[in-house]
Amino acid sequence: GGGKQVKDKVGECHGVLRDGEREPGKAGPAVVLAGNSASCVEVPNSEAVSATSALTILFWLRCAGANGAYQNLFGKTEGKLRNYFLYQGKASGQLTFSASWEDAPGEISVDNFGLAVWDGAWHHVGIRFDGSTKKLSLFIDGELKKTLDSKGAVLSANQGPLVLGQGLAGALDEFKLYKRALTD
């Protein structure tokens with residue numbers, strides 16, 4: 001399908017921007033998404049975007065509030081399998097992580113951090129999963145906000161693409177994925 005290429009500055013994980021625009025962001029051009037299910041950045045499946053035992057994802061987010069839908073910030077899913085997934089709740093915008101687990105087959109976890117960043121300002125958001133400790137941590141603007149126990153130690157990999165911003169009425173910039181748990 002059509003769309004504008006979004007280049008990976010570090011590697012070869014280029015994506016396609018669908019139903020979105022570019023505008024100045026925190027560090028160069030950000031993607032501005034229309035808040036519907038067709039609006040997103042899609043990155044094809046590859047080993048570079050699949051994670052199992054550890055994961056850190058950092059990005060800039062600007063979102064002004066509810067749009068009547070779940071606002072998916074990022075997710076690598078295939079059917080009902082969720083390698084990793086972060087979204088903002090429909091009504092409150094609370095950041096929620098969801099995943100499928102190799103060591104808890106058939107279970108899809110939904111871990112609500114109870115925090116939102118719906119104020120129209122840019123915020124630096126970080127999610128860290130460390131399978132060795134079974135901990136899931138949320139950082140906002142460089143500050144550790146909450147750590148939860150994860151349901152498993154090994155995320156279920158899948159063949160789905162990495163999709164950024166589907167349903168998001170807002171902007172994303174400088175998305176970074178590390179296949180390790182970065183330290184504080």
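The structure reproduced in this document is the subject of the present report. In this text the structure is predicted, and so the values were computed from the model without any measurement.

## Some thoughts on the overall build of the protein chain
Regarding its fold elements, the protein chain presents 0 helices and 15 strands. Its C-alpha atoms give the protein chain principal-axis dimensions of roughly 40 × 30 × 30 Å. When the 20 positive and 20 negative side-chain charges of the protein chain are each reduced to one mean point, those points stand 1 Å apart.

## Remarks on the nonpolar core
Within soluble globular proteins, side chains that are nonpolar generally end up buried alongside one another. Counting 37 residues, the largest nonpolar core has F59, L61, F74 and Y84 as its most contacted members. It is strand β6 (residues 54-63) that contributes the most residues to this core, 5 residues altogether.

## Observations concerning the sheet that holds β6
An order of β3-β4-β15-β6-β11-β12-β13 is seen for the 7 strands of this open sheet, with the pairing classed as antiparallel. Looking along the sheet, the strands with just one partner apiece sit at the ends: β3 (20-24) and β13 (143-149). Sheet twist, expressed as the mean angle between neighbouring strand axes with direction ignored, is 25°. As judged from the 4 bridges shared by strand β4 (residues 29-34) and strand β15 (residues 169-178), these two strands associate in the antiparallel manner. Its bridge partner lying in β15, A34 is registered against A169.

## Topic: unusual backbone geometry
The phi torsion at D19 lies on the positive side, around 50°, for a residue other than glycine. Structurally, the position occupied by D19 is in the loop between β2 (15-18) and β3. Looking at D19, the relative accessible area reads 45%, which means it is partly exposed. With a phi angle near 50°, D141 is a residue other than glycine that sits in the positive phi range. For D141, the location among the structural elements is in the loop between β12 (135-140) and β13. Residue D141 is classed as partly exposed on the basis of its relative accessible area of 41%.

## Here we look at the environment of G165
As for its position among the elements, G165 is in the loop between β14 (162-164) and β15. Looking at G165, the relative accessible area reads 0%, which means it is buried. For the pair formed by G165 and V41, sequence separation is 124 residues and the distance between their alpha carbons is 6.6 Å. Those residues in contact with G165 that sit more than four places away from it in its chain are L33, S39, C40, N72, L73 and L172.

## Some details on the sheet that holds strand β7 (residues 71-78)
Strand order in this open sheet of 8 strands is β1-β2-β5-β14-β7-β8-β9-β10, and the pairing throughout is antiparallel. What marks the edges here is a single partner per strand, and that holds for β1 (4-6) and β10 (104-112). For this sheet, the mean angle separating the axes of adjacent strands, direction not counted, is 15°. For strand β5 (residues 40-43) and β14, the ladder comprises 3 bridges, and the chain directions are antiparallel. Paired with E42 across the strands is V163, a residue of β14.

So, how was this worked out
Residues numbered from 1 in each chain as written. Predicted model: local features only at pLDDT ≥ 70, side-chain atom pairs only at ≥ 80, totals over all residues. Heavy atoms only, no water. Helix = DSSP H or I, 4+ residues; strand = E, 2+ residues; numbered from the N terminus. Lys, Arg positive; Asp, Glu negative; His and termini not counted. Charge placed at Lys NZ, Arg CZ, Asp CG, Glu CD. Core = buried A, V, L, I, M, F, W, Y, C linked by side-chain atoms within 4.5 Å. Buried < 20%, exposed > 50% of the residue type's maximum accessible area, 1.4 Å probe, protein only. Pairing = 2+ DSSP bridges. Axes fitted to C-alpha atoms, helices over the stretch in contact; angles between N-to-C directions. Contact = heavy atoms within 4.5 Å.

Keep in mind these values describe shape, not function.
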